[in-house]
Amino acid sequence: MQGLLLLNKPQGKTSYGAVSAVKKISGEKRVGHTGTLDPMATGVLPVLLGRATALASSMLDSDKKYTAGVKLGITTDTEDITGEVISKREVDITPEKICSVLSDFVGIQMQRPPMYSALKRAGVPLYKLAREGKSVEIPEREINVISLNAVDINPDCGEFAFDAVVSKGTYIRSLVRDIGEELGCGAVLSSLCRTSAAGFDISRCVRLEDLNEDNICDYLLDEEEAVKHLRSVSVTEKQAIRFCNGGQLSFERTNIADPKSGELIRVKYAGLFLGIGFCDIENQQLGIKCIINYPKVRE
């Protein structure tokens, strides 16, 4: 089985757990996801099956969209509602104040990722160090919050929600942490749904509980959908055979216009997506990044 599956990950399951479930349903051993979601989060999780797993690194590193719930007045070690409470404070915040603070967080800025994350230090995930009671200095990283809008404010309960569009690498938990600090009362993430990732909207996703052995093929998209953002080149039968056998293709013979160094190109033959090539400017040729399909050639 091969292709792209757009999954709406359920709450309470890790991304790895979701992949394991897809493996069991599909019977395919080679299954992988792009863009990890925390267990408490739901939403868009692109899953690749079969040889399509080789496309993971070529998928669009696009901005992501989220809807997040916020609980004011507390902080936790994990920066979300599932963690151990560190502090509690009174909440006396107006909707106007919340909207004003949210606007302050729009734009390019530095963010300190959470200790409970999959980032690694000396090869060890930070969350493992955190569970052992260890703490390390986490360097800040540049992020871009493109938009941030409150969608539901309930000051009496000390809760609100927002829609966000953010760059790759942005931790919504840490964004909520920093918003809470700016509000002066602390805050944690109480819910999270990723509504768009890799250019795919949640409306195109299937729930894991709706998948089974009989219908999974109905939800499987052509693997080329995962890399449609890359420009393509059509090759001849001889070139297709050469490419799929590991041979480079010259720019001159493939008519690739204005190639950029390292640029990834979809290679196609007779409408069939063969794989991904990369532009080798020094040698003026298209190298092989991955082969996904093999052409049917005439005898």
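We now turn to the structure provided with this report. (Residues numbered from 1 in each chain as written. Predicted model: local features only at pLDDT ≥ 70, side-chain atom pairs only at ≥ 80, totals over all residues. Heavy atoms only, no water.)

**Topic: unusual backbone geometry**
For step 1, the next point in the chain: The phi angle at Ala198 is positive, at roughly 55°, despite the residue not being glycine.
For step 2, the next point in the chain: Classification of Ala198 as buried rests on a relative accessible area of 14%.
For step 3, the next point in the chain: The backbone of Ala270 shows a phi angle near 50°, a positive value even though the residue is not glycine.
For step 4, the next point in the chain: By the element assignment, Ala270 lies in the loop between β18 (264–269) and β19 (272–280). (Buried < 20%, exposed > 50% of the residue type's maximum accessible area, 1.4 Å probe, protein only. Helix = DSSP H or I, 4+ residues; strand = E, 2+ residues; numbered from the N terminus.)

**Here's the deal with the state of the cysteines**
For step 1, the next point in the chain: Counted under the stated rule, the structure contains zero disulfides.
For step 2, the next point in the chain: With no disulfide of its own, Cys157 lies 14 Å from the sulfur of Cys185, the closest cysteine sulfur.
For step 3, the next point in the chain: Residue Cys205 stays outside any disulfide, its sulfur separated by 8.9 Å from that of Cys193, the closest cysteine.
For step 4, the next point in the chain: Judged by its relative accessible area of 16%, Cys205 is buried. (Disulfide = S-S within 2.5 Å.)

**Quick word on the environment of Ile179**
For step 1, the next point in the chain: Of note, Ile179 is situated in helix α4 (residues 172–183).
For step 2, the next point in the chain: Considered as a pair, Ile179 and Ile98 are 81 residues apart in the sequence and their alpha carbons are 8.8 Å apart.
For step 3, the next point in the chain: If sequence neighbours within four positions are ignored, Ile179 has contacts with Val101, Leu102, Phe105, Leu148, Phe160 and Phe162. (Contact = heavy atoms within 4.5 Å.)

**Focus: the environment of Thr236**
For step 1, the next point in the chain: Inspection of the secondary structure puts Thr236 in the loop between β16 (232–234) and α6 (237–244).
For step 2, the next point in the chain: For the pair Thr236 and Ala270, spaced 34 residues apart in sequence, the C-alpha separation works out to 8.1 Å.

**What to know about the pairing of strand β1 (residues 3–9)**
For step 1, the next point in the chain: Among the seven residues of β1, seven are classified as buried, and the element is accordingly described as predominantly covered.
For step 2, the next point in the chain: Across the two faces of β1 the burial is the same, with Gly3, Leu5, Leu7 and Lys9 and Leu4, Leu6 and Asn8 all buried.
For step 3, the next point in the chain: Looking at chain direction, β1 and strand β3 (residues 42–49) are connected through seven bridges and run antiparallel. Its bridge partner being in β3, Leu5 is matched across the sheet by Val47.
For step 4, the next point in the chain: As defined by bridge partners, β1 adjoins strand β15 (residues 220–221) across two bridges and the pair is classed as antiparallel. Residue pairing for β15: Leu5 is matched across the bridge by Leu220.
For step 5, the next point in the chain: Where β1 and strand β14 (residues 206–207) come together, two bridges link them in parallel fashion. Counted as the bridge partner of Asn8 is Arg207 from β14. (Pairing = 2+ DSSP bridges.)

**A short note on the packing of helix α2 (residues 95–104) against α4**
For step 1, the next point in the chain: For the pair α2 and α4, the least separation of the axes is 10 Å and the interaxial angle reads 125°. Judged on the interaxial angle alone, α4 and α2 are oblique. The two elements α2 and α4 cross, and the hand of that crossing is right-handed. Residue-level inspection shows Lys97, Ile98, Val101 and Leu102 of α2 in contact with α4, the latter providing Ile179, Glu182 and Leu183. (Axes fitted to C-alpha atoms, helices over the stretch in contact; angles between N-to-C directions. Parallel < 35°, antiparallel > 145°, perpendicular 65-115°, else oblique. Left-handed = near helix turned anticlockwise from the far one by under 90°.)

**Focus on the pattern of salt bridges**
For step 1, the next point in the chain: Applying the stated criterion across every chain, the model contains 14 salt bridges.
For step 2, the next point in the chain: Across the pair Arg177 and Glu79 runs a salt bridge whose closest N-O atoms are separated by 2.8 Å. Residue Arg177 is located in helix α4, and its partner Glu79 is located in the loop between β5 (74–76) and β6 (85–88); the two are separated by 98 residues in the primary sequence.
For step 3, the next point in the chain: Overall, Arg177 belongs to the buried group, its relative accessible area being 9%.
For step 4, the next point in the chain: On the basis of relative accessible area, Glu79 is assigned to the buried category, the value being 9%.
For step 5, the next point in the chain: Across the pair Lys260 and Asp258 runs a salt bridge, and its minimum N-O distance is 2.7 Å.
For step 6, the next point in the chain: You can call Asp258 exposed: its relative accessible area is 55%. (Salt bridge = Lys/Arg side-chain N within 4 Å of Asp/Glu carboxyl O.)

**Here we look at the pairing of β19**
For step 1, the next point in the chain: Of all nine residues that make up β19, seven are buried, and the element is covered over most of its length.
For step 2, the next point in the chain: Note: β18 against β19, six bridges, orientation antiparallel. Counterpart to Tyr269 in the pairing with β19 is Leu272.
For step 3, the next point in the chain: Here β19 runs beside strand β20 (residues 285–291); their pairing, made up of six bridges, is antiparallel. Across the sheet, the residue bridging to Gly275 is Ile291, located in β20.
For step 4, the next point in the chain: The loop that links β19 with its antiparallel partner β20 comprises four residues; one of these, Gln284, has a positive phi angle of about 55°.

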